[in-house]
Amino acid sequence: MLDRSAEQLLAVLAALDNPHRLRIIQALHRNGRNYVSQLARELNISRPLLHLHLQKLEEAKLVTSQLELSDDGKALKYFEVADFHLLLSPATITEAVGKQ
């Protein structure tokens, strides 16, 4: 059974294994935080599909979200890239997996 750090590493790798999710990270990194509807328009993908990908990225702790109210009272969920640095090497994999 894998420990928590190994599970987190697998979640990050799985989250990055999709071109849509890479584009989402790129857009948020370049343009800063954004709300779902605007980000969906920028990336030219549907909001439901974007939600699915954002959920996967958030579960892997690669993006964070915050719910805010707009001036007209609408609830907007903003997303931004989390500060992460991924070093993938045999040593980091060994450390994450630990002793089996």
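See the structure above.
Residues numbered from 1 in each chain as written. Predicted model: local features only at pLDDT ≥ 70, side-chain atom pairs only at ≥ 80, totals over all residues. Heavy atoms only, no water.

Undergrad: Help me out: how do you make sense of the side chain of Arg21 in this one?
TA: Locating Arg21 in the fold gives a position in helix H2 (residues 19-31). Although Arg21 is buried, it forms no salt bridge, and the closest oppositely charged side chain is Asp17 at an N-O distance of 6.5 Å. When near neighbours in sequence (up to four residues on either side) are disregarded, Arg21 contacts Ala14, Ala15, His53, Lys56 and Leu57. (Helix = DSSP H or I, 4+ residues; strand = E, 2+ residues; numbered from the N terminus. Buried < 20%, exposed > 50% of the residue type's maximum accessible area, 1.4 Å probe, protein only. Lys, Arg positive; Asp, Glu negative; His and termini not counted. Salt bridge = Lys/Arg side-chain N within 4 Å of Asp/Glu carboxyl O. Contact = heavy atoms within 4.5 Å.)

Undergrad: Would you take a moment to explain the packing of H2 against helix H4 (residues 47-59) for this structure?
TA: Pairs of packed helices are described in terms of their axes, by the angle between the two and the distance that separates them. Between H2 and H4, whose axes approach to 10 Å, the crossing angle comes to 80°. Compared by their axis directions, H2 and H4 come out roughly perpendicular. In this structure, H2 contributes His20, Arg21, Ile24 and Ile25 to the contact, and H4 contributes Leu49, Leu50, His53, Leu54, Lys56 and Leu57. (Axes fitted to C-alpha atoms, helices over the stretch in contact; angles between N-to-C directions. Parallel < 35°, antiparallel > 145°, perpendicular 65-115°, else oblique.)

Undergrad: Could you clarify how one ought to interpret the pairing of strand S2 (residues 63-69) in this entry?
TA: Regular strands place side chains that alternate from one sheet face to the opposite one. Strand direction decides the pairing type here: S2 and strand S3 (residues 75-81), joined by 7 bridges, are antiparallel. Note on S3: the bridge partner recorded for Thr64 is Glu80. Between S2 and S3, which pair antiparallel in sequence order, lie 5 residues; one of them, Gly73, sits at a positive phi of approximately 90°. (Pairing = 2+ DSSP bridges.)

Undergrad: How do you make sense of a nonpolar patch on the surface when you look at a structure like this?
TA: Residues Leu10, Leu13, Phe84, Leu86, Leu88 and Ile93 make up a contiguous nonpolar surface patch of roughly 480 Å² in combined accessible area. Relative to the elements of secondary structure, Phe84 occurs in the loop between S3 and helix H5 (90-97). Judged by relative accessible area, Phe84 falls into the partly exposed class, the value being 34%. (Patch = residues over 30% accessible without salt bridge, like charges linked within 9 Å, V, L, I, M, F, W, Y side chains within 5 Å. Areas by Shrake-Rupley, 256 points an atom, 1.4 Å probe, with all protein chains shown as cover.)

The quantities given are spatial measurements derived from coordinates; they are silent on function.
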